[in-house]
There are 4 protein chains.
Amino acid sequence: MGLEKPDSDQLVVPADEEHPANLICELCRNFYGNGWVTGTGGGISIRDRSRNLIFLAPSGVQKERMMPLNIFVMDFKTKEYIRRPLKLKPSSCTPLFMATYIMRDTGACIHTHSQNAIMCTLLFEDVFEISCIEQIKAIPKVTGSGNLLYSDRLVIPIIENTEKEEQLEPSLRKAILDYPGTTAILVRRHGIYVWGETIWKAKIYNEAIDYLLELAVKMKQLGIPTVKSS
Amino acid sequence: MGLEKPDSDQLVVPADEEHPANLICELCRNFYGNGWVTGTGGGISIRDRSRNLIFLAPSGVQKERMMPLNIFVMDFKTKEYIRRPLKLKPSSCTPLFMATYIMRDTGACIHTHSQNAIMCTLLFEDVFEISCIEQIKAIPKVTGSGNLLYSDRLVIPIIENTEKEEQLEPSLRKAILDYPGTTAILVRRHGIYVWGETIWKAKIYNEAIDYLLELAVKMKQLGIPTVKSS
Amino acid sequence: MGLEKPDSDQLVVPADEEHPANLICELCRNFYGNGWVTGTGGGISIRDRSRNLIFLAPSGVQKERMMPLNIFVMDFKTKEYIRRPLKLKPSSCTPLFMATYIMRDTGACIHTHSQNAIMCTLLFEDVFEISCIEQIKAIPKVTGSGNLLYSDRLVIPIIENTEKEEQLEPSLRKAILDYPGTTAILVRRHGIYVWGETIWKAKIYNEAIDYLLELAVKMKQLGIPTVKSS
Amino acid sequence: MGLEKPDSDQLVVPADEEHPANLICELCRNFYGNGWVTGTGGGISIRDRSRNLIFLAPSGVQKERMMPLNIFVMDFKTKEYIRRPLKLKPSSCTPLFMATYIMRDTGACIHTHSQNAIMCTLLFEDVFEISCIEQIKAIPKVTGSGNLLYSDRLVIPIIENTEKEEQLEPSLRKAILDYPGTTAILVRRHGIYVWGETIWKAKIYNEAIDYLLELAVKMKQLGIPTVKSS
């Protein structure tokens, strides 16, 4: 610990385009373009199920300039880092990402500082709710197979922010238990955590949810309820 | 059916830049940049008149990462797929795209989840209407030759959304009959379908209409009527 | 006239990056990214003073896909086209661009369908006015040397739109005479014309004016006067 | 002075990607994409501590087209230019950048015409204030080590604009003294100056502050206080 292990570079030098270390960097550039990870905010983690490894973006690095060699790698079984880049610190999101891997057996977790997410935490109380928007059909049921229906109500719990990111863990774990059907958790005045079975599913859920959060802010501004009365 | 036909790859490996399989991918990247097809939403179809083939983007694929080999190809005469990529599902927009090909003899159809479209379906009742904006001149008369005049009223019907995309077909067909001059149909809380004689015309109409939808939302927010009283 | 003259291709095949035919295409891509020329709207013209030629973007072409071979070239002395691409029509903006070349001896003229421009023509009566914003210092005095001061009032006349673009010529000419200090004219519910001594100056003025138009809309929405009372 | 010194080109021909002349150009393109330096507005300066040199973007150049050969270089000890590109003028921001180097021993200073910055100077009186937003944790304490806490109040002083940029120097210097904990100063109806120990820190602070300014405008529009009452 605390030092780069010999030969650990090979863990993150992409053998192929879809290697987790490569995807983390590529998606961080995509997220930067969306304004989700400006000022080093936010983060991503991907799990390699076949090798039982967790890949993690580092703390405090400019997301659009991140390189595969900046990536941390953890052995999911021992929970020890097997690659820890010198001069970099592990992301403070790590315990939160790990909670989703452990509690939900997910394959990837995304954290953004999306302004749409923050605005919704200022406009909604305990949960974000929206119904009867086509994009809802991109969100999984989680507790059943398949995705939500158009007329289903998407509910995302909002937890209160804490001074330190890792202090969010208890309330994030509680929300995961209390809302077994959710694939995301909003953090008041902070941002959002979104996870999925694979990195691509997590990315799609995050895009679809951010789209719905953006739309909800516009609807609220015009006095249109986000949940349609039947 | 259900399997890729031998040698069907050649149907979608672009022989040239303007090949439908290539254009679908290129335009999906353009649309993704506009926020019209986030979270795998939306779709495009192009008709190859010379070979009487229909090219279709697949369901559930990230639009900005789509590759020509992901494209479905249908024989327009037999309405059977002559290329059906393994592991992918045909888009649920297909019956709607087909309705525009059959009823209007179009060359391409675009479907987006544009937020401007959705907002207008929340701000307008049965039809979207706007007049006296220069960009209206980019929209075709359809029932006559040439385009609308600056002072013409652009009218786009709004149909109600259904639980499944294919269930939209009857009301889309009805709207096409009821509004013989329209080149687009809005779907409440869902998005928009836009078609044209060629893919480039459809793309231009979609851009011009989205511009007008965006402007209409801004006008509504400031209390400015979208139809100018004479 | 009506046909491409032999060897006229050489007029638009860029010998260098700063060739007008190249710059028109490059700037159209830039403008497309800003939403100023969607749906084939808008246009650009550049004057080559040394050869006394006028380069003009064609009508109805997708601005982000324009190629140097699509460009029209006019002899400024005879006012005849010396290059007229087959299958393309000259821009209907041409008489308006020509008016700025003749009346103001400009080097380039830009026309956009900027939504900020349109919104300002809906929020202001006869003229757009703004003062005491730093960006005003990027706009030229025109009737004197140098640029406006921070505390100067930028005034841009607004003319009424007409059914056909070329019908704007009389009122555009009148506004150019009535407002000798303006480097731009807004067209109600249509867009803006901006010109300058060179294409780079015209581009900078257009960017700075659009920035001010965007800011003015935001200020109006919050009830902040755009002209600061002293 | 007034002429390019022989061989001064070598001062700005990037030996490596991280050379200040290269970074200034790269970041100006990034800032142009964010709308912070349109119409030649704004500027950047980087200090090379090892050689005691100051690199400065020139005045009146289009920021997205700037080249390393356009960069001015000043000897920080003598305060004389050792490279002064022919045909270009030094930025009028120079005395302000120098004030941050001298008074705060910074490594880089960024000036933008961000519309979020201007809107906040129209919505706040003497200072911009925000608290309890996660992104605040990206801003340094300055008077102590480390960054602000989530619940800390970020305070950025607003100084009044002057007719000429260099006339801002006295009030900028006063604000630097009056607010020893600030890493940025807003200029009413003009923009913002942000500095940091290195160019990367300055860039991160500028991004994080602009994010907070944008969020503050949205909060104000919805009547949500930017400083959370405890």
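Residues numbered from 1 in each chain as written. Chains lettered and ligands numbered in written order. Predicted model: local features only at pLDDT ≥ 70, side-chain atom pairs only at ≥ 80, totals over all residues. Heavy atoms only, no water.

Caption draft 1: Local environment of the pairing of strand β2 (residues 53–56) of chain D. Residue and element names in this part refer to chain D. The alternating pattern of β2 places Leu53 and Phe55 on one face and Ile54 and Leu56 on the opposite face, and all of these are buried. Where strand β1 (residues 43–48) meets β2, four bridges bridge the pair, whose relative direction is antiparallel. Each bridged residue has a counterpart across the sheet, and for Asp48 the counterpart in β2 is Leu53. Counted between consecutive antiparallel strands, the loop separating β1 from β2 contains four residues, among which Asn52 sits at a positive phi close to 60°. (Buried < 20%, exposed > 50% of the residue type's maximum accessible area, 1.4 Å probe, protein only. Helix = DSSP H or I, 4+ residues; strand = E, 2+ residues; numbered from the N terminus. Pairing = 2+ DSSP bridges.)

Caption draft 2: Region of interest: the relation of the copies chain B and chain C. When chain B is brought onto chain C, the operation consists of a screw motion whose angular component is 90° and whose axial shift is 0.0 Å, with 0.0 Å RMSD remaining. Such a combination of turn and shift is consistent with a four-fold rotation axis. Taking C-alpha positions as the reference, the residue of chain B nearest the rotation axis is Gln221(B), at 6.5 Å. (Least-squares fit on C-alpha atoms with pLDDT ≥ 70 in both.)

Caption draft 3: Just the interface of chain D and chain C, in detail. Each side of the interface is counted separately: chain D has 23 residues, and chain C has 26 residues. Contact between chain D and chain C buries roughly 2300 Å² in total, counting both sides, with carbon and sulfur atoms accounting for 48%. Ranking the residues of chain D by area buried against chain C places Gln115(D), Glu163(D) and Arg189(D) at the top, with a combined share of 33%. The residue Arg65(D) makes a salt bridge to Glu26(C) at a minimum N-O spacing of 2.4 Å. On the surface where chain D and chain C come into contact, there are 19 residue pairs in polar contact (both at pLDDT 80 or more). For the side of chain D that touches chain C, the element with the highest residue contribution is helix α3 (residues 115–123) of chain D, accounting for five residues. Split into classes, the residues belonging to the side of chain D that touches chain C amount to five nonpolar, eleven polar and seven charged. (Contact = heavy atoms within 4.5 Å. Buried area = accessible area lost by both parts, 1.4 Å probe. Salt bridge = Lys/Arg side-chain N within 4 Å of Asp/Glu carboxyl O. Polar contact = N/O pair within 3.5 Å; in protein donor to acceptor, adjacent residues only side chain to side chain. Nonpolar A, V, L, I, M, F, W, Y, C, P; charged D, E, K, R; others polar.)

Caption draft 4: Highlighting the side chain of Thr112(D). Residues and elements named next belong to chain D. Mapped onto the elements of the fold, Thr112 is located in strand β5 (residues 108–112). A distance of 3.2 Å separates a polar atom in the side chain of Thr112 from the backbone nitrogen of Ser114. Apart from the residues lying within four places of it in its own chain, the contact partners of Thr112 are Trp36, Gly42, His190, Gly191, Ile192 and Asn206.

Caption draft 5: The arrangement of the side chain of Lys203(B) in detail. In this fold, Lys203(B) is placed in helix α5 (residues 199–221). Here Gln62(C) takes part through its side chain, which lies 2.6 Å from a polar atom of the side chain of Lys203(B). Sequence-distant contacts of Lys203(B), defined by excluding residues within four places in its chain, comprise Leu27(B), Asn30(B), Phe31(B), Ile110(B), Tyr32(C), Gln62(C) and Glu64(C).

Caption draft 6: Highlighting the UniProt feature "binding site: substrate" (unreviewed entry) in chain A. Residues and elements named next belong to chain A. Per the UniProt record, "binding site: substrate" (unreviewed entry) is annotated on Cys93. Tracing the backbone shows Cys93 in the loop between β4 (80–83) and α2 (94–104). The contacts of Cys93, once residues within four sequence positions are left out, are His111, Glu165 and Tyr193. (UniProt positions renumbered as here; feature names shortened; annotations may be inferred.)

Caption draft 7: Just α3(D), in detail. Burial of α3(D) is extensive: eight of the nine residues sit out of reach of the surface. Taken together, the buried positions of α3(D) are Gln115(D), Asn116(D), Ala117(D), Ile118(D), Met119(D), Cys120(D), Thr121(D) and Leu122(D). Against α5 (199–221) of chain C together with β6 (127–131), β7 (153–159), β8 (184–187), β9 (191–196) and α5 (199–221) of chain D lie the buried residues of α3(D). Of the residues that open α3(D), the one with a side-chain oxygen 3.1 Å from the backbone nitrogen of Asn116(D) is Ser114(D).

Caption draft 8: Molecular detail of the sheet that holds strand β6 (residues 127–131) of chain A. All names here are of chain A. Read across the sheet, nine strands follow the order β4-β3-β2-β1-β5-β9-β8-β7-β6 without closing on themselves; strand pairing throughout is mixed. Only two strands of the sheet have a single partner each, and these edge strands are β4 and β6. The mean angle between the axes of side-by-side strands here comes to 20°, regardless of whether they run parallel or antiparallel. Sitting on the sheet, helix α5 (residues 199–221) is in contact with β1 (43–48), β5 (108–112), β6, β7 (153–159), β8 (184–187) and β9 (191–196), with an inclination near 145° to β9. (Axes fitted to C-alpha atoms, helices over the stretch in contact; angles between N-to-C directions.)

Caption draft 9: Molecular detail of the sheet that holds strand β6 (residues 127–131) of chain C. All names here are of chain C. The nine strands are arranged β4-β3-β2-β1-β5-β9-β8-β7-β6 in an open sheet whose pairing can be described as mixed. The strands lining the two open edges of the sheet, one partner per strand, are β4 (80–83) and β6. Direction aside, neighbouring strands of the sheet carry axes that sit 20° apart on average. Looking at chain direction, strand β3 (residues 72–75) and β4 are connected through three bridges and run antiparallel. Within β4, the position partnered with Val73 by the bridge is Arg83. In the packing of helix α1 (residues 20–33) onto the sheet, the strands contacted are β1 (43–48), β2 (53–56) and β5 (108–112), and the crossing angle to β1 comes to about 155°.

Caption draft 10: Seen up close, the pairing of strand β2 (residues 53–56) of chain B. Across four bridges, the pairing between β2(B) and strand β3 (residues 72–75) of chain B is antiparallel. The residue of β3(B) that forms the bridge with Phe55(B) is Val73(B).

Caption draft 11: Representation of the domain arrangement of chain A. Residues and elements named next belong to chain A. Each assigned domain of chain A is listed with its residue range as follows: domain 1 (1–91) and domain 2 (113–223). Centre-to-centre, using C-alpha coordinates, domain 1 lies 24 Å away from domain 2. Taken together, the contact between domain 1 and domain 2 spans eleven residues of the former and nine residues of the latter. Here domain 1 meets domain 2 over a buried area of about 900 Å², counting both sides, of which 64% is carbon and sulfur. Per-residue buried area on domain 1 facing domain 2 is highest for Leu27, Trp36 and Arg49; these three make up 52% of the total on that side. At the surface where domain 1 touches domain 2, the tally comes to four residue pairs in polar contact (both at pLDDT 80 or more). (Domains from an automatic or database assignment.)

Caption draft 12: Focus on the interface of chain B and chain C. On the side of chain C, 23 residues touch chain B, which itself brings 25 residues to the contact. Summed over both sides, the interface of chain B with chain C buries roughly 2200 Å², with 48% coming from carbon and sulfur. Across the contact surface, chain B and chain C share three salt bridges. At the junction of chain B and chain C, the tally comes to 19 residue pairs in polar contact (both at pLDDT 80 or more). Every element with two or more residues in the side of chain B that touches chain C is listed here: α1 (20–33) and α5 of chain B.

Caption draft 13: Quick look at the arrangement of the chains. One finds no contact between chain A and chain C; the C-alpha atoms of the two approach each other to within 13 Å at their closest. Separating chain B from chain D is a minimum C-alpha gap of 13 Å, and the two share no contact.

Caption draft 14: Structural view of the packing of helix α3 (residues 115–123) of chain B against α5(B). Residue and element names in this part refer to chain B. Direction vectors running N to C along α3 and α5 enclose 50°, while the axes themselves pass 9 Å from each other. The angle between α3 and α5 falls in the class oblique. Viewed along their axes, α3 and α5 form a crossing whose handedness is left-handed. Along its contact with α3, which presents Asn116, Ala117, Met119, Cys120 and Leu123, the element α5 presents Asp210, Leu213, Glu214, Ala216, Val217 and Lys220. Residue classes in the contact of α3 with α5 are distributed as seven nonpolar, one polar and three charged. (Parallel < 35°, antiparallel > 145°, perpendicular 65-115°, else oblique. Left-handed = near helix turned anticlockwise from the far one by under 90°.)

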